[in-house]
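Overview (structure and organization)
Residue-level listing of the chains:
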Amino acid sequence: MNAAQEFQTSEALTFDNRFTGELPADPESGNARRQVTQACYSRVQPTQVSQPQLVAHATEVAQQLGLSPAFCESDAFPQIFSGNRLLEGMDPYAMCYGGHQFGNWAGQLGDGRAINLGEIVNQDGKRWALQLKGAGPTPYSRTADGLAVLRSSIREFLCSEAMSHLGVPTTRALSLVSTGEQVVRDMFYDGNPKPEPGAIVCRVAPSFTRFGSFQIFAARGEIDVLKQLVDYTIRTDFPHLDEPSHDTYLAWFEEVCRTTAQMIVHWLRVGFVHGVMNTDNMSILGLTIDYGPYGWLEDYDTNWTPNTTDAAGHRYAFGKQPQIAHWNLVQLANAIYPLIEQTEPLEKVLNSYVQEFESCWQSMMAQKLGLQAFKPDLDDTLFSGLLEILQLTETDMTIFYRRLSSLDVSNTLESQTDDVTLIQPLLDAYYVPEQLTQDTTSKIASWLRRYQKRVREDGTDNQRRQTRMNTVNPKYVLRNYLAQLAIDKAEQGDHSMVHELLELLRHPYDDQPDKEEYANKRPDWARQRAGCSMLSCSS
């Protein structure tokens, strides 16, 4: 009995494959690079690898798919989730889409290194698409090889799961498998390529459809295919909406705007910077998708980007993410315009994004400060003042909010407390505390006094406020230097830190006394080291 047969006798995956069953296919099969027209996907085959071995898997994702712990530890698992062996019902394909990259229309892009194995319906009736990233070339690979290396795969695997446990809408990751192959990459684009260990991540989501999935057909004037894809998406991924029609298209677009706004607010809440917010990297479901050169804001610098390609323009910097999301939604509106043929209702829906973002941001900020609710007359200036003091000196965002929760707000004599004493609970958040000038200290203390007064007016005691704050302000995030330390070990064959971080990040809001070192500021040695701050798009 081979591994695939063994799997099918012990597991109960039901492949549905509506995407390939209901949408137009590329008439040409095979993985050769080409332009694909009048089609939503191309059927392809994963590239066989020599020695697939499981590095790690996410137990929660396996449970959602109905996979048993025993199977996840079996020899069959890495064979299947490297693409070496296909199960009955799998129908591998790569999706066709286009997109704007750094603001410029790039034409056909597509799944250049991602191959969908198919879609299943789990025991709860929920649909999940299974996608291998790094499984070889597809028609959309252009001049690339379609493979992925261990370092980028570790980052994607860990970040997908970290974001989910943070409560951020995201695609998930089932597994990380090393391939036994060597993949040549020029990490710094400096003419010094070198071989690196290869790997494959199995990504999981209800759908991997992107804004660019619709853009490509609008750009080519393939309006019939555009309509097929929009109608399919509404019926499959938005079944609570009415049957496709002019009004339903607008309702659908409004929901995309709303969930996108909510996703961006979550990014700002935890200090996440995506790094590559091209329209082909924007999920139609409002999920964080495609983890490339991402990063967490350590020093609170709204103009920081983790992407070396974006170092000059800072288009995708932390503070620009809300505006970029709106710009991307405008491009989606342009793509679906042929189905609506009216500008005004689309503009009205786009305005709803702005309103939803503002409302969600205000509520989120109130939660981060432990307040019962946002009150405009009190909190607009409180919030703006907070963002100002975060930028007065090099301040670790994650640590600042966690330490702020420990501030005593019950003391009505804070005006009699000297500034240095008042800011004492926050000192761990400052990278160079000796650079806190008297003026900076005075400004921080002044805001803290305003905050203490606001909390007392809110009627919230210290314990309730701290509890509230510590459920939305994480203690642990996947700092780039932590991921790089795990990568360093894994490239030497030691996967222990990958497992350690995976477990740590399952509980990002909890105090974990034996893991305190992972809640510390980024060390000085990591400021400039490759992989610990900014990252390239190389994989």
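Because the structure is a prediction, the values reported are computed rather than measured.

**Digging into the pattern of salt bridges**
Opposite charge on two side chains makes pairing possible when the charged atoms of those side chains draw close. Within the structure shown, the criterion is met by 38 salt bridges. Measuring nitrogen to oxygen at the nearest pair gives 2.6 Å for the salt bridge that ties Glu156 to Lys133. Here the residue Glu156 occupies a position in helix H6 (residues 150-166), and Lys133 occupies one in strand S7 (residues 127-133), the gap between them amounting to 23 residues. Note on accessibility: Glu156 and Lys133 belong to one class, buried. For Asp458, the salt bridge identified is with Arg454, shortest N-O distance 3.5 Å. Highlighted residues: Asp458 and Arg454, both in helix H15 (residues 438-458), separated by four residues, approximately one helical turn. Given the relative accessible area of 7%, Asp458 is considered buried.

**Remarks on the side chain of Asn278**
Positionally, Asn278 belongs in the loop between strand S10 (272-273) and strand S11 (295-296). Of note is the side chain of Asn278, whose polar atom sits 2.6 Å from the side chain of Tyr316. Those residues in contact with Asn278 that lie beyond four places of it in its chain are His100, Gln101, Phe102, Tyr316 and Asn328.

**Some thoughts on helix H10 (residues 321-340)**
Side chains three or four residues apart in an α-helix point the same way, a direct result of the helix having 3.6 residues per turn. In this model H10 runs 28 Å from its N-terminal to its C-terminal C-alpha over 20 residues, within 8% of the 28 Å that 1.5 Å per residue would give. A maximum bend of about 30° is found in H10 at Asn334, where proline Pro338 lies one to four positions downstream. Once H10 finishes, Glu341 follows within two positions and takes phi at roughly 60°, a positive value.

**Looking at the side chain of Lys475**
Among the secondary structure elements, Lys475 is positioned in the loop between helix H16 (462-469) and helix H17 (480-490). A distance of 2.6 Å separates a polar atom in the side chain of Lys475 from a polar atom in the side chain of Glu516. Setting aside residues no more than four positions away along its own chain, Lys475 makes contact with Thr398, Arg402, Pro508, Tyr509, Asp510, Asp511, Glu516 and Ala519.

Rules and cut-offs
- The written sequence of each chain sets the order in which its residues are numbered from 1.
- Per-residue local features of the predicted model are confined to residues with pLDDT of at least 70, and side-chain atom pairs are confined, for both listing and counting, to 80 or more; whole-chain, interface and lining totals are unaffected and use all residues.
- Note that the side-chain values use all heavy atoms of the structure and ignore hydrogens as well as water.
- The term salt bridge refers to a pairing of a side-chain nitrogen on Lys or Arg with a carboxyl oxygen on Asp or Glu at a separation within 4 Å.
- Helix and strand labels come from DSSP, where a helix needs a run of H or I of at least four residues and a strand needs a run of E of at least two; each type is numbered from the N terminus.
- Three labels apply to residues, based on accessible area from a 1.4 Å probe with only protein chains included: buried if under 20% of the type maximum, exposed if over 50%, partly exposed otherwise in between.
- Here a polar contact is taken to be a pair of N or O atoms separated by no more than 3.5 Å, where protein atoms must pair a possible hydrogen donor with a possible acceptor and residues adjacent in sequence count only if both atoms sit in side chains.
- Whether two residues are in contact is decided by their heavy atoms, any of which lying within 4.5 Å being enough.
- A helix is expected to reach a length of 1.5 Å times the quantity of its residues less one.
- One fitted axis covers the seven residues ending at a residue, a second covers the seven starting there, and the bend at that residue is the angle between these axes.

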